[in-house]
Protein chains: 2
Amino acid sequence: MTKRFFEHITKFIEIEEGDFQKIITFFDIKQLNKKDIITEATNKCNFNHFVLNGCLQMYFINDKGAERTIQFAIEDWWMTDCLAFHNEGTTDFYIQAIENSQILSISIDNQKKLLDQFPKLEKYFRIIYQISFGATQIRMKNLYDFSKEEIYFDFIDKYPEFAQRIPQYLLASYLGLTPEYVSEIRNKSRS
Amino acid sequence: MTKRFFEHITKFIEIEEGDFQKIITFFDIKQLNKKDIITEATNKCNFNHFVLNGCLQMYFINDKGAERTIQFAIEDWWMTDCLAFHNEGTTDFYIQAIENSQILSISIDNQKKLLDQFPKLEKYFRIIYQISFGATQIRMKNLYDFSKEEIYFDFIDKYPEFAQRIPQYLLASYLGLTPEYVSEIRNKSRS
């Protein structure tokens, strides 16, 4: 199952199978059941997670007690509160499995040791973060630029796999729409 | 003037002064006048920029012809459309100097050569992107969570230097508020 992670790394950098066997020892492999929460708001955020299979959701709970989704992660995606992870601080976010999932988790301490021992992985993580940051620049533009309907259709157009797998109420929570509104535009597009 | 860049890099990684003299040859030093545009929408986005002094603004123009600001960069900040830069593709954004500025610019080709020759810089860029991505996760949360007034006060609280330097209409364009609204809450907070 960790082969998926090896294949992901080697999309960006060259790495020997032998080195990968050492690299993987810095990670914990975790089996999550749907609804398992692996990070809780107000706690330290010491881990970064790579999805081998399944789906994670990152969200916060606002003053009114409503969940607002910031991000999803399916296979080959990383997920953590990056600033809290980097600063070894507390987070405002929850991370929850929304499907039965298998993930690789690395602690901040282990990440430091890993990168000291295998500095060539710096390039891998640099590219991952560069792409992630770039994607949020575009997301920010869309949030400012698009109507609610356009936000929905842009998302299902760009990420058809997410749109199929993610329950409608979570998709609404991510897109900043009400579930009723998502249902309405979905029905309208079918008619 | 490039000493500022040396000091910035050495906040994150160790680097010899002699190596820095080689590193800096991969960059162009550019003097910009206020209002100079260095990247235009629909063009290739082949450069990444580090601000030595001054201030850059990244924005797009929406269908109604209005400018919407995505990001500012003052001293020690990097600015580019990261996905377009990474993919060597075209951008939807403009980058403009909003003060007389001095910047270091690196082309995507030179960045590749630089990182091949000085792989220890991968760590520097990894940290820069990790922090940038983390900051946008928090910004996304605030966009979903805060009232317009809270967005304004959170910004001037976190970035007092920006709030003093950036014209009110640009601040409004960044925060997704009208200039009139910024003026109104600014006056209200003074009374």
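Just so you know, these numbers come straight off a predicted model, no measurement behind them.

1. Here we look at the packing of helix α6 (residues 148-158) of chain A against helix α8 (residues 168-175) of chain A
All names here are of chain A. Running from N to C, α6 and α8 cross one another at 115°; their axes reach a closest spacing of 11 Å. Between α6 and α8 lies a crossing whose hand is right-handed. For the pair α6 and α8, contact is made by I151, Y152 and F155 and by L171, Y174 and L175, respectively. Class assignment for the residues of the contact of α6 with α8 results in 6 nonpolar, no polar and no charged.

2. Description of the pattern of salt bridges
Residues and elements named next belong to chain B. One pass over the structure, following the stated rule, counts 18 salt bridges over all chains. The shortest N-O distance in the salt bridge between E161 and R165 comes to 3.5 Å. Of this pair, E161 and R165 both sit in helix α7 (residues 160-165), separated by 4 residues, roughly a single helical turn. Overall, the relative accessible area of 43% leaves E161 in the partly exposed class.

3. Regarding the environment of B:L175
Checked against the element boundaries, B:L175 lands in helix α8 (residues 168-175). Look at B:L175 and you get buried, because its relative accessible area is 7%.

4. Some words on the interface of chain A and chain B
By convention, interface size is frequently given as the accessible area that disappears when the constituent parts associate. Taken together, the contact pairs 42 residues of chain A with 42 residues of chain B. Summed over the shared surface of chain A and chain B, the result is 2 salt bridges. A salt bridge links A:R126 to B:E122; the nearest nitrogen and oxygen atoms lie 2.7 Å apart. Inspection of the chain A/chain B interface yields 13 residue pairs in polar contact (both at pLDDT 80 or more). Sorting the residues of the side of chain A that touches chain B by element identifies β4 (56-61), β5 (67-73), α3 (82-87), α4 (108-117), α5 (121-145) and α8 of chain A as the ones contributing at least two each. It is α5(A) that contributes the most residues to the side of chain A that touches chain B, 21 residues altogether. Of the residues in the side of chain A that touches chain B, the class split is 20 nonpolar, 13 polar and 9 charged.

5. Comments concerning empty space enclosed by the protein
Inspection of every chain in the model, using the stated rule, returns 1 cavity of 30 Å³ or more. Of the volumes computed, that of the largest cavity is approximately 30 Å³. Elements with a contribution of two residues or more to the lining of the largest cavity: α5 of chain A together with β5 (67-73) and α5 (121-145) of chain B. By residue number, the principal contributor to the lining of the largest cavity is α5(A), which donates 4 residues. The class makeup of the residues in the lining of the largest cavity is 3 nonpolar, 4 polar and 1 charged.

Rules behind the numbers
Residues numbered from 1 in each chain as written. Chains lettered and ligands numbered in written order. Predicted model: local features only at pLDDT ≥ 70, side-chain atom pairs only at ≥ 80, totals over all residues. Heavy atoms only, no water. Axes fitted to C-alpha atoms, helices over the stretch in contact; angles between N-to-C directions. Helix = DSSP H or I, 4+ residues; strand = E, 2+ residues; numbered from the N terminus. Left-handed = near helix turned anticlockwise from the far one by under 90°. Contact = heavy atoms within 4.5 Å. Nonpolar A, V, L, I, M, F, W, Y, C, P; charged D, E, K, R; others polar. Salt bridge = Lys/Arg side-chain N within 4 Å of Asp/Glu carboxyl O. Buried < 20%, exposed > 50% of the residue type's maximum accessible area, 1.4 Å probe, protein only. Polar contact = N/O pair within 3.5 Å; in protein donor to acceptor, adjacent residues only side chain to side chain. 1 Å grid on protein atoms, 1.4 Å probe; cavity = no way out; pocket = protein on both sides within 12 Å on 5 of 7 lines; lining within 4 Å. Points joined across faces, edges and corners; volume = space filled by probe spheres on them.

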